Structures are given as structure tokens and as C-alpha cells.
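Examination of the molecular architecture
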There are 2 protein chains.
Amino acid sequence: MIESILREIRIHRSFLITTHENPDGDAVGSSLALAGYLKRLGKDVTVHFCDPVPELYRFLPLADSVRQDLPDQDFDVCFVLDVGEFRRAGKLVNECRRIGMFINIDHHLTCDRFGTINYIDSAAAASGVLVYRLIKAAGHDIDYDTALALYTSIITDTGSFRYSNANPEAFAIAGELVATGINTWSIAEKLYESQPRQRLELLALALSTLSFSANGDCASITVTLDMYEKVGACAELTDGFVNYPRSIRGVEVAVFFREIQPHLFKVGFRSKGKIDVSSLAAAFGGGGHHNAAGCTLTGDLAEVRKQVFDHLETAL
Amino acid sequence: MIESILREIRIHRSFLITTHENPDGDAVGSSLALAGYLKRLGKDVTVHFCDPVPELYRFLPLADSVRQDLPDQDFDVCFVLDVGEFRRAGKLVNECRRIGMFINIDHHLTCDRFGTINYIDSAAAASGVLVYRLIKAAGHDIDYDTALALYTSIITDTGSFRYSNANPEAFAIAGELVATGINTWSIAEKLYESQPRQRLELLALALSTLSFSANGDCASITVTLDMYEKVGACAELTDGFVNYPRSIRGVEVAVFFREIQPHLFKVGFRSKGKIDVSSLAAAFGGGGHHNAAGCTLTGDLAEVRKQVFDHLETAL
């Protein structure tokens, strides 16, 4: 598999690299690491994301080169990284017909095999791990800039090496990346110590709504439109809020109610592992994974909460 | 150095292991890893801490065997782990005279050479790393229980692999420990996902006091005795609170005011690295390190805050 990808890299000249909507650290890190590597090989490389690179990851080399428009150009090869479902690759799906071949590199458990070549390994901690393997298999070194991007990919996708995908390979690679001279604290400072102050102000309000149900098995918090207004925050600042109620001793399921319009709530569920929250979300027309799922409900807050907790009490 | 320690282990029979007051993850993890190893060798081992093992670390094998009393017994060797200053080893300093020799194992930059043998390496990410090296140098394997203890020591002392001591060796060792079959998420769940609910309730109150000074270079939060009463919490639940204001973009120094008695405040300082907060604390008769320091001040909250911020504005 790796050999056939390296062969396509050798024989072709122009490459497009893309990833999923709302790119996370692995999407950005793996894409930029691959872009830097192809550039080092003297290739013509374009990186296209349908959404801008989040502020958080702008410190990465080549982050500024990422385009949201699709250039009017033919490409020999399009790498699609970290994209479980092809439709999540955004505009590319419909607009880009002048591409010789797709190479799909991914570590999701369920991944469409949409590429001409599909390099999929769900045992890899991150898509960045697959890019690392590619560069090493080609016999090349990982330079400082590539190490920054790959390290960001791995630390974010493993939740700072806490999730179960923090496997021996992830640690071995991280150690090698750090040996190139990248500074772990300086990266952590950018990823974890650069929050907008409004986020903490909003967190204070959200945590003040903390409540429990199902005998303490479930903890929930709520963010309302009023709260956004009060601190001058927007919805994207609530990323990760649901991890706070989940982090409480004895809590198996955390629920996050987020008002997106008057009488319309996004409901996010997180599990510590024992409970499959995708089935909870499915009961309300939503979906997701075993440990993370969500749905959208209409009604006032009290109604929505009652619906969810009534179902939860029965289900747990 | 390692060879001489291994020699003492070989020729002696009864061992005491101790660490510093208020033991953290590295203190507990390195002590229990060494205790397990010596027990495997058939030695007579006593682990004595002056404070109980914090709830957080009770999942570690042998945590229940840790004693607070000093047994009426002679010891051939006393291992003192992770103790920068001998006086921090607590009661041992005064009471224990019937000890053949002290072996001092530590990774602090400034460490008294109080042992008969001093194995001190500030390049090691954690004291657990030194215990790991010891076991490996003896030609022995790391078993599952030892891996649990050493992994806890490393993940806690590197701030989940974020601090600058997360070096290539720390990652290499962590990878090897994980390969023994320990579950990274199950450990993280115990260390980071088992907070008392009162801690989050207190955090909500503390974050609601968030304020800024020195043009946003400094952020502070406050916890008062009233707040403890309101949520039924105690002071130890505020561990780590100061990291929240530090995590704000642009903030260089975080300050945490914690009321310990009416008109008496502990003031904790944290730096992102540019500012040396030990000199800030020293100005008020306190002390600490470059990135973490503290002092105690008397007065009402407004007075104490004014004193600190006046000094800060000048110093920054």
C-alpha cells in the first residue's frame, strides 16, 4: 500500500491535498506535514480546505498557504486525509473533476474506500501517523517543520496522549518528533494555553448550570443565547465544554444543551465508555459514535431537558 | 551511580521507601514502582509517606500498603524519592535514626545531596524515569503493575506530556510502558475524569471572579471561604485552578487568591515562561520557581489584590 503511494508520488508532479470540513488538529497537521514533504521533493502542491485553518493551528508552517478556493488547474493526484466519508471533503466532491486519481489516507474505523488507493489503518492513532510512516518508508528524515505538524496531529487526536489510541507507536513517533528539537511546551501553549478570555467567562456561566440526574450517572450543563450575549462569545467557543461534566467522578454520561436559536437546542452526549450514547442520540433522530453523539431538539429548555432525562433514566 | 544502587539492593534485605509531603503523581508512582520491584526481588519493603496517598492515586497497586506511622524496626536502606530538600521528607528526618544508609533519587534541578548515594538527574522527566532506568539496568522487565505506577509518574509530572520535560526519553519509556498492556484511557479516567462534583461547582464560582490587569498580561481568580461553604468544598479541591487564568491567550502571569482564614490569603502565581514569578512572590516574602511561586498576605481581599497588582504592574 505504502509502496504504491510512494510510486504515485515519484511519477507525478502536481498534487492537491485536502481534508474534512471543520478541520481538527489531525486534519490540519497531517495535511501540512504531507504538503511540506511533497514540496521538499520539488512537487507542485496545493492545499485546499473547505473551511479556514482554525486560529489554534495557524502557528504551523504552511498554514498560511491553505486555500479555500479551488484553483482552476488540473491535478495528477489528490490526497484526501482523515476523511471518513467522502462527502465530508466538501466542495471537492462535486467540483473537482480534473483530478487524475484520489489517494485516501485515513485512520477512522469506518471509512469509505473512495480512493484509487486507500491507505486506511484504524490502528493508527492519527492520520498524521500514516503520513509519518509514508515519509519513513521513503527513506527520508522528518525535519523540524514536519515534526511540528505531525506532533500537533498526534497530541490533538490522542487528547494529549490520554485516549486509548495513545498506543506504543504514537509514543515512539512522538519521541522521535520531539528529538528533532520541537518544544513540547511551546506547542502546548499554542494548543491549550491560548483560549479567548470569553471562553472562560462562558465556561463559568455554563458550569453554574451543572446538574445531575439518573442518580449521579448523568451530569449536564447548558449554554443559552443570553449567555453568549452576556460575554460577547460565539458558539465555537463551547468546543470541549461537554468534557467538564464528563470529568466528574461517577458520571457515565455527560449532556450539553446548547441553544442555537430560540426554542432550538443542540444536545451533545459524551460517554466515559460504559454507555453507548449513539443510541441515546438516535432515539431523538441524531447520531454519532459510542462515546460521542448528538441530536437537535425543539422546545423550551425545560421541555427539552425533560425529554432527554426521561429517556436517559429509562435507558441507563 | 546506578550500579552502586543495584549493589546495595543486592546485598541488603530491609528497605524503607519514602517521598515528600503532599505527594504528587510522581512521588506516589515512583515510590510504588520501586516498592513493587523490590518486593519482586523478595526484599522486605515498607513504604512510608508522611501524608496519605491522595484519593486520585489510590488505584495504583500497593497504594493501600503505604503507612503514615513509622514502624519500630531497623532498615538497611532508606530510599528517598523525588525529594528536593531533605526536610520535605517529613518525620523521617528527625525520627528515623536506625537506618543504615539513605539513597536519594531525584530529578529536581536543585536537590540537596543528603544521601549516602545520590542519584540525581534533572534531565529526567520524572523520578519515575530514574526508577525505570534502575530496573532496566538490573536487566529486569517492567511488569504491568510497575508500568501503571511509572506511567502515572510520567504523565502527571509532564502535565500529560505537555511540559518541556516531555523529552524523547519520556516518550520512549511511556511507549514501552503502554506496550505492557496498561490502558491509557483507563488511567486518564482515574487521573483526570474523576473530579468531585464540588470541584466543578467551586470552579464555576472561581471563574466568575476572573479579572485582568497589566493590560491583559495578568489574569486572576479568587476563591473565598464563603465559596467553600456554598458548595461544601475544601481547599484541596482548588488544585490546578490557577491553570485556568493562565490558559488565556495573551496572559503571561496568572494569579490565584485563595482565602485561608478571614483576612489571610494564599496567593499563587503561574507564568507561561517569560516572567519569573519567583521574584514576584519573593517581593511579598514568598518563594518558588520560575513558573510557579506563591506567598501569603494579610488584609481584606481588596487590599491584598491592590498590593499584588500594584507590584505586578511595576514589575511587568
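Owing to the predicted nature of the structure, the values given are computational and were not obtained by experimental measurement. (Residues numbered from 1 in each chain as written. Chains lettered and ligands numbered in written order. Predicted model: local features only at pLDDT ≥ 70, side-chain atom pairs only at ≥ 80, totals over all residues. Heavy atoms only, no water.)

1. Some words on the UniProt feature "domain: DHHA1" (unreviewed entry) in chain A
Quick note on the threshold: UniProt positions are given in the numbering used here, feature names are shortened, and annotations may be inferred rather than shown by experiment. Secondary structure elements are taken from DSSP: a helix is a run of H or I of four residues or more, a strand is a run of E of two residues or more, and numbering for both begins at the N terminus.
According to UniProt, the positions carrying the feature "domain: DHHA1" (unreviewed entry) are residues 239-308 of chain A. The annotated region residues 239-308 of chain A carries 26% helix and 37% strand content, and the separation between its end C-alpha atoms amounts to 21 Å.

2. Things to note about helix H7 (residues 184-192) of chain B
Worth spelling out the cut-off: In this scheme, a residue with accessible area under 20% of its type's maximum is buried, one over 50% is exposed, and one in between is partly exposed, where area comes from a 1.4 Å probe on protein chains only. Relevant arc is that of directions from the helix axis to the C-beta atoms, nothing else. Contacts: residue pairs with any heavy atoms within 4.5 Å of one another.
Within H7 of chain B, the full set of buried residues consists of Thr-184, Trp-185, Ile-187, Ala-188 and Leu-191 of chain B. Looking straight down H7 of chain B, one finds that the buried residues subtend no more than 155° of arc, so they occupy a single side. Summarising the contacts, the buried residues of H7 of chain B are in contact with helix H6 (168-178) and helix H10 (243-246) of chain A together with helix H5 (144-157) and helix H6 (168-178) of chain B.

3. Topic: the relation of the copies chain B and chain A
The condition that has to hold: The copies were overlaid with a least-squares fit restricted to C-alpha atoms from residues scoring a pLDDT of at least 70 in each copy.
For these two chains of identical sequence, chain B goes onto chain A by a turn of 180° and a shift of 0.0 Å along the axis, with RMSD 0.1 Å. When the rotation and shift are considered jointly, the pair of chain copies conforms to a two-fold rotation axis. For chain B, the residue whose C-alpha comes nearest the rotation axis is Ala-204 of chain B, separated from it by 2.3 Å. With an isologous cut-off of 70% or more, the 100% of interface residues of chain B that recur at the interface of chain A puts this contact in the isologous class.

4. A word on the packing of aromatic side chains
Formally: Ring geometry is summarised as follows: Phe, Tyr and Trp rings, the Trp one being its six-membered ring, pair when their centres sit within 6.5 Å, and such pairs are stacked at plane angles under 30 degrees, edge-to-face over 60 and tilted between the two. Cation placement over rings: the criterion is NZ of Lys or CZ of Arg within 6 Å of the ring centroid and within 35° of the ring normal.
Counted according to the given criterion, the structure contains 19 aromatic pairs over all chains. Of the aromatic side chains, those joined through ring pairs into one cluster are Tyr-151, Phe-161 and Phe-171 of chain A together with Tyr-151, Phe-161 and Phe-171 of chain B. Here Arg-162 of chain A stacks its cationic end above the ring of Tyr-192 of chain B, 3.6 Å away from the centre of that ring. Residue placement shows Arg-197 of chain B over the ring face of Phe-212 of chain A; its charged tip is 3.6 Å from the ring centre.

5. Quick word on the interface of chain B and chain A
Often, the extent of an interface is quoted as the loss of accessible area on bringing the components together. Our working rule: Here's the idea: put two parts together, see how much 1.4 Å probe accessible area each one loses, and the total over both is what we call buried area. Only one rule defines a salt bridge in this text: a Lys or Arg side-chain nitrogen within 4 Å of an Asp or Glu carboxyl oxygen.
Counting from both sides, the interface comprises 43 residues of chain B and, opposite them, 43 residues of chain A. In this assembly, chain B packs against chain A so that about 4000 Å² is buried in total across both faces, 60% of it on carbon and sulfur atoms. Counting the surface chain B buries against chain A, the share from its top three residues, Arg-162, Phe-171 and Arg-249 of chain B, is 18%. Linking chain B with chain A are two salt bridges. Residue Arg-246 of chain A is joined to Glu-193 of chain B by a salt bridge in which the shortest nitrogen-to-oxygen separation is 2.9 Å.

6. Comments concerning the sheet that holds strand S5 (residues 117-120) of chain B
Residue and element names in this part refer to chain B. Filter applied, for reference: When DSSP locates at least two bridges between a pair of strands, those strands are taken to pair. For helices, the fitted line uses only the C-alpha atoms of the stretch in contact; every axis is such a line through C-alpha atoms, and the angle between N-to-C directions lies from 0 to 180 degrees.
One open sheet accounts for five strands, arranged S2-S1-S3-S4-S5; its pairing is parallel. Each having just a single partner strand, strand S2 (44-48) and S5 make up the two edges of the open sheet. Strand-to-strand twist in this sheet, taken as the mean axis angle between neighbours without regard to direction, amounts to 20°. Contacts between helix H2 (residues 25-40) and the sheet are confined to strand S1 (14-18), S2 and strand S3 (75-81), with S1 contributing the most and set at about 170° to the helix. Of the strands in this sheet, S3, strand S4 (99-106) and S5 touch helix H4 (residues 127-137), which is tilted by about 115° from S4.

7. Side note on the domain arrangement of chain A
To be explicit about the condition: By convention here, the domain bounds are inherited from an automatic or database domain assignment.
Domain annotation of chain A identifies domain 1 (2-192) and domain 2 (200-315). Its C-alpha centre places domain 1 of chain A at a distance of 31 Å from the equivalent point of domain 2 of chain A.

8. Description of unusual backbone geometry
Residue and element names in this part refer to chain A. For Asp-82, which is not a glycine, the phi torsion comes out positive at approximately 65°. Turning to its location among the elements, Asp-82 is positioned in the loop between strand S3 (75-81) and helix H3 (92-95). With a phi close to 50°, Ala-214 is a non-glycine residue in the positive phi region. Note on placement: Ala-214 falls in the loop between strand S6 (211-213) and strand S7 (218-223).

9. Let's talk about the packing of helix H4 (residues 127-137) of chain A against helix H5 (residues 144-157) of chain A
Residue and element names in this part refer to chain A. For the record, the criterion: Note on residue classes: Ala, Val, Leu, Ile, Met, Phe, Trp, Tyr, Cys and Pro are nonpolar, Asp, Glu, Lys and Arg are charged, and everything else, Gly too, is polar.
Relative to each other, H4 and H5 sit at 145°, their axes nearing to 8 Å. Here Gly-128, Val-129, Val-131, Tyr-132 and Ile-135 of H4 come into contact with H5, specifically with Thr-146, Leu-150, Ser-153 and Ile-154. Residues belonging to the contact of H4 with H5 are distributed by class as follows: six nonpolar, three polar and no charged.

10. Side note on the environment of Leu-264 of chain B
Inspection of the secondary structure assignment puts Leu-264 of chain B in strand S9 (residues 264-271). Not counting residues up to four positions away in its chain, the partners in contact with Leu-264 of chain B are Arg-258, Glu-259, Thr-296, Leu-297, Thr-298 and Gly-299 of chain B.

11. Quick notes on the packing of helix H1 (residues 2-11) of chain B against H4 of chain B
All names here are of chain B. Quick note on the threshold: Our angle categories are set so that under 35 degrees counts as roughly parallel, over 145 as roughly antiparallel, 65 to 115 as roughly perpendicular, and the remainder as oblique.
Where H1 meets H4, the closest approach of the two axes is 10 Å, and the angle between their N-to-C directions is 70°. Judged by the inter-axis angle, H1 sits roughly perpendicular to H4. Between H1 and H4, the contacting residues are Ile-2, Ile-5, Leu-6 and Ile-9 on the first element and Arg-133, Leu-134 and Ala-137 on the second. Its residues assigned to classes, the contact of H1 with H4 comprises six nonpolar, no polar and one charged.

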